[in-house]
Amino acid sequence: EAVGDAEGAYRERAMEDELVKRELFPGHDPRMAVRGEGVAIAASSVDVDRVSAQFVVHAHPAGEMPQLLVEALGSGEEGAPTTTKGIAVEAVVAGLVVRSDPGAKKRGLPSLKMRRVSLKADVGVSARVRCAAAGEEGVRFEVEQFAVRLHAFSAPGVLSKATASAILRLIKPALKRALRDSLPAELGRAVLELRG
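The structure presented is a predicted model; accordingly, all values stated were derived computationally and were not measured.

Here's the deal with the overall build of the protein chain
A count of helices and strands for the protein chain gives three helices and eight strands. Helices and strands in the protein chain line up, N terminus first, as α-β-β-β-β-β-β-β-β-α-α. Within the protein chain, counting contacts between residues at least 6 apart in sequence, those at least 24 apart form 62% of the total. Accessible surface computed for the protein chain: about 11,800 Å², of which carbon and sulfur atoms make up 50%.

In structure tokens:
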């Protein structure tokens, strides 16, 4: 019964959040709106232009569903500072609207509309990926846990760290897909073979 109550509460919060997004950003798709850290943003579109990374992958072949733990080691860019511990991301946001989140303690941020914003960011990534056999010699990867953290960013001076973090939340699904699609099938087959 506690699980049912938790699911009901989650659905209720999600519906309330969608209503607030619709009220804040009429005419925008609520899936392209994010609230958090005192700001709410919406965008017409977000395109990830480039992702550059080096990852360290830990294989855990034991159990019924072998796993990979993936962490960003650095941007992989020549000349990048060795202190960089995330992936380098470049994204373009079209039709960005930034507003003060009505649920925030600090209110009164001025509304901001920008036709197009380019964002460069250093993003920390960690993920848990399950490997499963799929057909003859095929491997299917399922990203079960995916966490991102904004380490640093550069964008027009009007964007705050809270706004850049919110933009990162909008591009998180694209980063998750890019990680899954970049894992070579050979790696998955090797992990499955280790299971014995």
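Section: the layout of surface pockets
Estimates place the volume of the largest pocket at around 360 Å³. Along the walls of the largest pocket sit 14 residues, with K21, P30, R31, A33 and R169 positioned nearest its centre. Elements with a contribution of two residues or more to the lining of the largest pocket: α1 (2–24), β1 (33–36) and α2 (161–182). A per-element tally of the lining of the largest pocket places α1 first, with five residues. Class assignment for the residues of the lining of the largest pocket results in eight nonpolar, no polar and six charged.

What to know about α2
At I171, α2 is bent by approximately 50°, the largest bend along its length, and proline P173 sits one to four residues beyond. Restricting attention to buried positions, one finds in α2 the residues A162, T163, A164, S165, A166, I167, L168, L170, I171, L175 and L179.

Quick word on the pattern of salt bridges
Enumeration according to the criterion identifies 10 salt bridges in this entry. The shortest N-O distance in the salt bridge between E18 and R22 comes to 2.8 Å. With E18 and R22 both in helix α1, this residue pair falls four residues apart, about one helical turn. Taking relative accessible area as the criterion, E18 reaches 35% and is therefore assigned partly exposed. Owing to a relative accessible area of 44%, R22 belongs among the partly exposed residues under this scheme. Across the pair R189 and E186 runs a salt bridge whose closest N-O atoms are separated by 3.8 Å. Pair noted here: R189 and E186 are both in helix α3 (residues 185–194), with a separation of three residues, about one helical turn. The exposure class of R189 is partly exposed, given its relative accessible area of 26%.

Considerations on the nonpolar core
Counting 42 residues, the largest nonpolar core has I41, L68, L96, V123, V129, F146 and L175 as its most contacted members. Contributing elements (two or more residues each) for this core: β2 (39–42), β5 (67–74), β6 (87–100), β7 (112–133), β8 (139–154), α2 and α3. Excluding residues that lie within four positions of it along the chain, L96 makes contacts with I41, A42, A43, L112, K113, M114, V117, L159 and I167. Formed by seven residues, the second largest nonpolar core is a distinct cluster that contains V20, F25, A40 and A42.

Here we look at the environment of A164
As for its position among the elements, A164 is in helix α2. Between the C-alpha atom of A164 and that of I41, which follows or precedes it by 123 residues, the distance is 9.9 Å. When residues no more than four places from it in sequence are discounted, the contact partners of A164 are L119, L150 and F153.

What about the environment of C131?
Along the chain, the position of C131 falls in strand β7. Given a relative accessible area of 1%, C131 falls into the buried group. Through-space distance from the C-alpha of C131 to that of L187 is 9.3 Å; in sequence the pair is 56 residues apart.

Section: the side chain of S165
Mapped onto the elements, S165 comes out in helix α2. According to the relative accessible area criterion, S165 is buried, its value standing at 14%. Not counting the four nearest positions on each side in its chain, S165 is found in contact with E37 and L150.

A word on empty space enclosed by the protein
Applying the stated criterion to the full structure yields one cavity of 30 Å³ or more. By volume, the largest cavity amounts to about 30 Å³. Lining the largest cavity are V89, L119, A121, V123, L150, A164, L168 and I171. Of all the elements in the fold, those that place two or more residues in the lining of the largest cavity are β7 and α2. Looking at the lining of the largest cavity, its residues break down into eight nonpolar, no polar and no charged.

Quick notes on the rules
Residues numbered from 1 in each chain as written. Predicted model: local features only at pLDDT ≥ 70, side-chain atom pairs only at ≥ 80, totals over all residues. Heavy atoms only, no water. Helix = DSSP H or I, 4+ residues; strand = E, 2+ residues; numbered from the N terminus. Contact = heavy atoms within 4.5 Å. Areas by Shrake-Rupley, 256 points an atom, 1.4 Å probe, with all protein chains shown as cover. 1 Å grid on protein atoms, 1.4 Å probe; cavity = no way out; pocket = protein on both sides within 12 Å on 5 of 7 lines; lining within 4 Å. Points joined across faces, edges and corners; volume = space filled by probe spheres on them. Nonpolar A, V, L, I, M, F, W, Y, C, P; charged D, E, K, R; others polar. Bend = angle between axes of the 7 residues up to and from the residue. Buried < 20%, exposed > 50% of the residue type's maximum accessible area, 1.4 Å probe, protein only. Salt bridge = Lys/Arg side-chain N within 4 Å of Asp/Glu carboxyl O. Core = buried A, V, L, I, M, F, W, Y, C linked by side-chain atoms within 4.5 Å.

By themselves, these figures tell us nothing about what the structure is for.
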